[in-house]
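Summary of the model geometry
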Amino acid sequence: MVLKPRSKIKNNPDTKHIPIVALTAYAIKGDQERFLSLGMDDYISKPIDIKKFFNVVDKYVGQKNETEAKLNKQVDAILGEIKRTKHI
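What you are looking at is a predicted structure, and each value in this text was computed from that prediction instead of being measured.

All right, on to the pairing of strand S1 (residues 21-24) then. Because side chains alternate across S1, one face comprises the buried residues Ala-22 and Thr-24, and the other comprises Val-21 and Leu-23, none of which is buried. Note: S1 against strand S2 (residues 42-45), four bridges, orientation parallel. Opposite Ala-22, over in S2, you have Tyr-43 as the bridge partner. With helix H2 (residues 31-37) bridging S1 and its parallel neighbour S2, the resulting β-α-β unit is right-handed.

What follows is about the nonpolar core. Ranked by size, the top nonpolar core spans five residues in total: Ile-20, Ala-22, Phe-35, Met-40 and Tyr-43. Apart from residues lying up to four places away in sequence, Ile-20 is in contact with Arg-6, Ile-9, Lys-10, Met-40, Asp-41 and Asp-42.

Attention now goes to the side chain of Asp-42. When you line up the elements, Asp-42 lands in strand S2. Looking at Asp-42, its side chain comes within polar contact range of the side chain of Lys-59, at 2.6 Å. Look past the residues within four positions of Asp-42 in its chain and what remains in contact with it is Ile-20, Val-21, Ala-22, Leu-36, Val-56, Lys-59 and Tyr-60.

Moving on, we come to unusual backbone geometry. Here the residue pair Lys-46 and Pro-47 is connected by a cis peptide bond, since its omega of -5 degrees sits within 30 degrees of zero. Here Pro-47 lies in the loop between S2 and helix H3 (50-61).

Attention now goes to the packing of aromatic side chains. Considering all chains together, one arrives at three aromatic pairs under this definition. When the centroid spacing of 5.7 Å and the interplanar angle of 40 degrees are considered together, the rings of Phe-35 and Tyr-43 count as tilted. Both residues of the pair, Phe-35 and Tyr-43, belong to the buried class. Residues Phe-53 and Phe-54 carry aromatic rings whose centres are separated by 5.8 Å and whose planes lie at 65 degrees to one another, so their mutual orientation is edge-to-face. What links up through ring pairs into an aromatic cluster is the set Tyr-26, Phe-35 and Tyr-43. Between the NZ or CZ atom of Arg-34 and the centre of the ring of Tyr-26, over which it lies, the distance is 5.4 Å.

The next thing to look at is the confidence of the model for the protein. Across the protein, the average pLDDT comes to 82, with 86% of residues at 70 or higher. Of all helices and strands in the protein, the one with the weakest mean pLDDT is helix H4 (residues 66-84) (78), whereas S2 scores best (93).

Its place among the elements puts Ile-44 in strand S2. The exposure class assigned to Ile-44 is buried, which follows from its relative accessible area of 3%. As a C-alpha pair, Ile-44 and Tyr-26 span 18 residues in sequence and 9.2 Å in three-dimensional space. Those residues in contact with Ile-44 that lie beyond four places of it in its chain are Val-21, Ala-22, Leu-23, Thr-24, Phe-53 and Val-56.

Conventions we followed
Residues numbered from 1 in each chain as written. Predicted model: local features only at pLDDT ≥ 70, side-chain atom pairs only at ≥ 80, totals over all residues. Heavy atoms only, no water. Buried < 20%, exposed > 50% of the residue type's maximum accessible area, 1.4 Å probe, protein only. Helix = DSSP H or I, 4+ residues; strand = E, 2+ residues; numbered from the N terminus. Pairing = 2+ DSSP bridges. Right-handed = clockwise from strand over helix to strand, strands pointing away. Core = buried A, V, L, I, M, F, W, Y, C linked by side-chain atoms within 4.5 Å. Contact = heavy atoms within 4.5 Å. Polar contact = N/O pair within 3.5 Å; in protein donor to acceptor, adjacent residues only side chain to side chain. Phe/Tyr/Trp six-rings, centres within 6.5 Å; stacked < 30°, edge-to-face > 60°. Lys NZ or Arg CZ within 6 Å of the ring centre and 35° of its normal. pLDDT = per-residue confidence, 0-100.

Printed below as a string of structure tokens:
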């Protein structure tokens, strides 16, 4: 795991306000805490849960938009259809 880009971003006065979200395949117990302790602002593990992804992005962007709302409705509809047909 290389954290040099994180240091460069957080040590630069022009970019230190930019949140860094770890997007990783590391998903065992304790990984989230480890990434946060290394200075990440947030953590998302793979496979990506699209709702969690949008929630994390929204946390840092600070506002929801219509595109996100439409995508969430589409995701809900697709997941509902999959569950209805018992594919998951």
